[in-house]
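Each chain is listed here by its residues.
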Amino acid sequence: MPARDAEMRVLAVTNMYPNPREPALGTFVRDQVESLRDLGVDMDVLFIDGKASRWEYLAGFGRLRWWLRTHPPYDLIHAHYIFSGLVAKSQRRLPVLLTHHGIEVVLGWQGTLCRVATPWMDRVIVTSEAVRNALPRVRTDLVPCGIDTERFRPMDRGEARARLGLPAEGGLVLFAGEPRPEKRLDVIRAAMDELRRLGTDAELVTAAGRPHADVPLFMNACDVLVLASDFEGSPMVIKEAMACNLPIVSVDVGDVAQVVRGTEGCALCRREPGDVADKLQRALRRGGRTDGRGAVMHLSQPEIARRILGIYGEMVEGRR
């Protein structure tokens, strides 16, 4: 849908959004919002900072009502993650589109809450089949988050290493993500130990806590990305690595198998240090980059924004 046809107002409600304390939090939500604005959607954002305090969620119910009273009318609310979805659904005037992004659908009591509350929503987006399969049988639209293909692009490896202060020589294995327990950094570190026992000298580089703008540099500086998570929806790091032509070694989680399928230099592994090490060794010995960028261009932010805009249009039309 071209921008001139996108005459609608949407409120995004999210507990994941960049802020002064955590500038890298929810950058994929911000990027989606900006892409929809580029298509002409008049979009505001209500950020509920649940990481600052769990009481923020309770306060969110009142903030939403105040926001709706003090702003021009919206056509719908697009909520990201279940807690934001419950806040959004507490009003009855506007339809609510909820996006489930990943591990929240299976994580303890949050997973139970997702399964119970999802049927209350007017429309639901999931980012992969793995997320869809964890939910009750309700209508869902499969729409992964889009890639900023301008930011995530191939660069000179030597220049990227120099800008980050990384060694000019030697193999570098990248872990790009927050080191939460479900990311299984323990498996990755054990695999690195095994890799050295196999006679391959390589260093593990972690990009956790770095500005999101630095992540493309890390992906171009390193020789292979590794992922061993217990659960993912549609991991952004995989798609971003593909856009940088970075080789990938990953467990079969979320939509990784579909994204990397047929890309030489990328491999699936078991969540076992020995198998992760074996696949990393093959990637490092192979050397060079992949042609993954061409395989993910259909997941660029403008393409994904157009798909979401189509859902908005159907929701608005359905209320007329």
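Throughout, a residue's number is its position along its own chain's written sequence, starting from 1. The predicted origin of the model limits local features to residues at a pLDDT of at least 70 and limits the giving and counting of side-chain atom pairs to 80 or more, whereas totals for whole chains, interfaces and linings rest on all residues. Only hydrogens and water are removed before side-chain values are computed, so all heavy atoms of the structure are retained for them.

The subject of this paragraph is the overall build of the chain. A run of H or I in DSSP becomes a helix once it reaches four residues, and a run of E becomes a strand once it reaches two; helices and strands are each numbered from the N terminus. In terms of helices and strands, the chain carries 13 helices and 11 strands. Rg of the C-alpha trace for the chain: 20 Å, near the compact-globule value of 20 Å for 320 residues, within the 12% margin. In terms of overall dimensions, the chain has C-alpha extents of about 65 × 40 × 35 Å along its principal axes. Burial here depends on accessible area, computed with a 1.4 Å probe over protein chains only, as a share of the maximum for the residue type. Under 20% is buried, over 50% is exposed, and the range in between is partly exposed. Scored against the burial criterion, the 320 residues of the chain give a buried share of 57%. Within the chain, contacts between residues at least 6 apart in sequence are counted, and of these 66% link residues at least 24 apart. Method for areas: the Shrake-Rupley scheme with a 1.4 Å probe, in which residue coverage is limited to the protein chains shown. With the model as given, the accessible surface of the chain reaches about 14200 Å², and the carbon-plus-sulfur share is 50%. Under the counting rule used here, the positive set is Lys and Arg, the negative set is Asp and Glu, and His together with the chain ends is not counted. To locate a charge, the coordinates of NZ of Lys, CZ of Arg, CG of Asp or CD of Glu are taken. Charged side chains in the chain number 44 positive and 42 negative. The centres of these two groups are separated by 4 Å. Two things to know: the radius of gyration comes from C-alpha atoms, and the globule rule equals 2.2 Å times the number of residues to the power 0.38. Note on definitions: a residue-residue contact is assigned when non-hydrogen atoms from the two residues lie within 4.5 Å.

When you line up the elements, Met 219 lands in helix H8 (residues 215–221). Along the sequence, Met 219 and Met 242 sit 23 residues apart, while their C-alpha atoms lie 9.5 Å from each other. With near-sequence residues (within four places) excluded, Met 219 lies in contact with Phe 152, Leu 174, Val 237, Glu 240, Ala 241, Cys 244, Leu 246 and Arg 289.

On to the environment of Gln 110, then. Relative to the helices and strands, Gln 110 resides in helix H4 (residues 108–117). In this view, Gln 110 contacts Phe 83 and Glu 104; residues no more than four positions away in its chain are not counted.

The element strand E3 (residues 76–80) is largely enclosed, with a buried count of 5 among its 5 residues. Neither face of E3 is open: one carries Leu 76, His 78 and His 80, the other Ile 77 and Ala 79, and all of them are buried. The criterion for strand pairing is that DSSP finds at least two bridges linking the strands in question. Note: strand E1 (residues 9–14) against E3, 5 bridges, orientation parallel. Along E3, the bridge assignment pairs Ala 12 with His 78. Inspection of the sheet shows E3 paired to strand E4 (residues 96–100) by 4 bridges, in the parallel sense.

Across the interface, helix H7 (residues 185–197) lies against helix H11 (residues 273–286) with an axial gap of 8 Å and an inter-helix angle of 60 degrees. Here H7 lies oblique to H11, going by the angle between them. Crossing angle aside, the handedness with which H7 passes H11 is right-handed. Along the contact surface, H7 presents Val 187, Ala 190, Ala 191, Met 192, Glu 194 and Leu 195, while H11 presents Pro 273, Gly 274, Val 276, Ala 277, Leu 280, Gln 281 and Leu 284. Considering only residue class, the contact of H7 with H11 consists of 10 nonpolar, 2 polar and 1 charged. Angles run from 0 to 180 degrees between N-to-C directions of axes, and those axes are lines fitted to C-alpha atoms, restricted for helices to the stretch in contact. Oblique is the label for any angle not under 35 degrees, not over 145, and not in the 65 to 115 range, which are roughly parallel, roughly antiparallel and roughly perpendicular in turn. Handedness of each helix crossing follows the sense of rotation of the near helix against the far helix: counterclockwise by less than a right angle gives left-handed, clockwise gives right-handed. Residue polarity is assigned by list, with Asp, Glu, Lys and Arg as charged and Ala, Val, Leu, Ile, Met, Phe, Trp, Tyr, Cys and Pro as nonpolar; anything else, Gly included, falls into the polar class.

Here we take up the sheet that holds E1. One open sheet holds the 6 strands; their spatial order is E2-E1-E3-E4-E5-E6, and the pairing between them is parallel. Both outer strands of the open sheet, strand E2 (42–47) and strand E6 (141–142), are each paired with one neighbouring strand and no more.

On to unusual backbone geometry, then. Phi is positive for Arg 184, which is not a glycine, with a value near 55 degrees. Relative to the assigned elements, Arg 184 resides in the loop between strand E7 (171–175) and H7. In the Ramachandran plot, Asn 245 falls in the positive-phi region, its phi being about 60 degrees despite a non-glycine side chain. Note that Asn 245 resides in the loop between helix H9 (236–243) and strand E10 (248–251). Overall, Asn 245 belongs to the buried group, its relative accessible area being 14%.

Geometry only, nothing functional implied.
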